[in-house]
Amino acid sequence: SADSLWNGSQTYMGIWSGGAHPGSSIGARLRWTVPETGIMNIGGTSQLYSTSGNTGVTVTTKHNGVTIDTMNLTTTAVSTFAETGVAVTAGDTVDFILTTNGAITNNSTSLAPSIQLTTDGTTPTDPIVSSVSPTSLSLSVGGAGSFTVSLSSAPSASAVVALSSSDVTKATVPATLTIPAGQI
C-alpha cells in the first residue's frame, strides 16, 4: 500500500513510497527488473529533506551493476538526473541506491525515479501536452481560476510547459509550469 515502509537490517534504513533512508554502512536499494528487451529513458528527482545533523547522501543509479549516474546531495535543493536511449534486455536490473556520506541522522531523501521503456526499437519520446481542462474559463473582474495541464506520458525528468495569455490585459498566467518527473 502507499503507506507501506520497508525496514532494512540497520537502524533507520528504509524505503517507502517516494523516498528512502540509508543504513549506517549499507545503502537502501530500490530495484527495477526490465520486463522486456528494448530501449529506456531513465531519470527523475531526488531531494534531501533536511541538512540538520548530517553530511548528506549519495544517490547512485546503476544498470546491471554499472554506474550510470551519481548525485551527491548536501543541500535540500531538488536534484534531477536523466539518461536517454539506454539499450536493455529482459532481466536487466536498474538500481537506485541511497548511501550516507557520513552521519546517519536526518538522511531521509525523496526519490522519484521514472523509467520509460519502448520495445519496438525506438527511443522513448518526450511527453507532450495531451489536454488542458477546462478549455475556457469565465471569471469576474479580479477573479482567479485554475486549469489542469496533462501530459501524454510521465516525463523521466521534470518537464517545463510554457504558458501564455492571448490577452494579458484580461488574463495573466505564469510563464512556465513545471511538472515533476514521474507525474502526468
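From a predicted model like this one, the values you see are computed outputs, not experimental measurements.

Draft legend 1. Up close: the side chain of Thr 93. As for its placement among the helices and strands, Thr 93 is situated in strand β9 (residues 93-100). The contact partners of Thr 93, leaving out residues within four places of it in the chain, are Arg 31, Trp 32, Thr 33, Lys 62, His 63 and Asn 64.

Draft legend 2. Representation of the pattern of salt bridges. Enumeration according to the criterion identifies 1 salt bridge in this entry. Of the charged contacts in the structure, one is a salt bridge between Asp 95 and Arg 31, with a shortest N-O distance of 2.6 Å. One end of the pair, Asp 95, is in strand β9; the other, Arg 31, is in strand β4 (residues 28-33), and 64 residues separate them in sequence. Looking at Arg 31, the relative accessible area reads 43%, which means it is partly exposed.

Draft legend 3. Here's a closer look at the sheet that holds strand β6 (residues 57-63). The 4 strands are arranged β4-β9-β6-β7 in an open sheet whose pairing can be described as antiparallel. Unpaired on one side and paired on the other, β4 and β7 (66-73) mark the two borders of the sheet. Here the strands of the sheet are splayed against their neighbours by 15° on average, with no regard to which way each runs. Summarising the sheet, β6 and β7 pair through 7 bridges and their orientation is antiparallel. Looking at the pairing, Val 57 lines up with Leu 73 of β7.

Draft legend 4. Up close: the sheet that holds strand β1 (residues 5-7). Spatially, 6 strands are ordered β1-β2-β3-β10-β5-β8 in an open sheet, and the strand pairing comes out antiparallel. Where the open sheet ends on each side, the last strands, each with one partner, are β1 and β8 (79-88). Averaged over neighbouring strand pairs, the angle between their axes works out to 20° when direction is ignored. As paired strands, strand β3 (residues 19-21) and strand β10 (residues 109-118) are joined by 2 bridges and run antiparallel to one another. From the neighbouring strand, Ala 20 faces β10, where its bridge partner is Thr 109.

Draft legend 5. Main features of the packing of aromatic side chains. Evaluated as defined, the whole model comprises 1 aromatic pair. An angle of 50° between the planes, with centres 6.2 Å apart, marks the rings of Phe 81 and Phe 96 as tilted. Of this pair, Phe 81 sits in strand β8 while Phe 96 sits in strand β9, and the two are 15 residues apart along the sequence. Note on accessibility: Phe 81 and Phe 96 belong to one class, buried.

Draft legend 6. Quick look at the nonpolar core. Counting 18 residues, the largest nonpolar core has Met 40, Val 59, Leu 73 and Phe 96 as the members making the most contacts within it. Of all the elements in the fold, those that place two or more residues in this core are β5 (38-48), β6, β7, β8 and β9. If near-sequence neighbours (up to four positions away) are discounted, Val 59 is found in contact with Ser 46, Asp 69, Thr 70, Met 71, Leu 73, Ile 97, Leu 98 and Leu 111.

Draft legend 7. Spatial organisation of the environment of Val 149. Tracing the sequence through the fold places Val 149 in strand β12 (residues 148-151). A sequence separation of 27 residues divides Val 149 from Thr 122, and the C-alpha atoms of the two residues are 26 Å apart. In contact with Val 149, not counting residues within four places along its chain, are Val 129, Ser 131, Val 132, Leu 177 and Ile 179.

Draft legend 8. Quick look at unusual backbone geometry. In this structure, the amide linkage connecting Ser 133 to the following residue, Pro 134, adopts the cis form with an omega of -5°. By the secondary structure assignment, Pro 134 is in the loop between β11 (129-133) and β12. Its identity is not glycine, yet Tyr 12 carries a phi of approximately 75°, on the positive side. Mapped onto the secondary structure, Tyr 12 falls in the loop between β1 and β2 (14-16). In this structure, Asn 106 is a non-glycine residue whose phi angle is positive, near 55°. Of note, Asn 106 is situated in the loop between β9 and β10. Taking the relative accessible area as the measure of exposure, Asn 106 reaches 39% and is therefore partly exposed.

Analysis parameters
Residues numbered from 1 in each chain as written. Predicted model: local features only at pLDDT ≥ 70, side-chain atom pairs only at ≥ 80, totals over all residues. Heavy atoms only, no water. Helix = DSSP H or I, 4+ residues; strand = E, 2+ residues; numbered from the N terminus. Contact = heavy atoms within 4.5 Å. Salt bridge = Lys/Arg side-chain N within 4 Å of Asp/Glu carboxyl O. Buried < 20%, exposed > 50% of the residue type's maximum accessible area, 1.4 Å probe, protein only. Pairing = 2+ DSSP bridges. Axes fitted to C-alpha atoms, helices over the stretch in contact; angles between N-to-C directions. Phe/Tyr/Trp six-rings, centres within 6.5 Å; stacked < 30°, edge-to-face > 60°. Core = buried A, V, L, I, M, F, W, Y, C linked by side-chain atoms within 4.5 Å.

Don't take any of this as a statement about function, it's just geometry.
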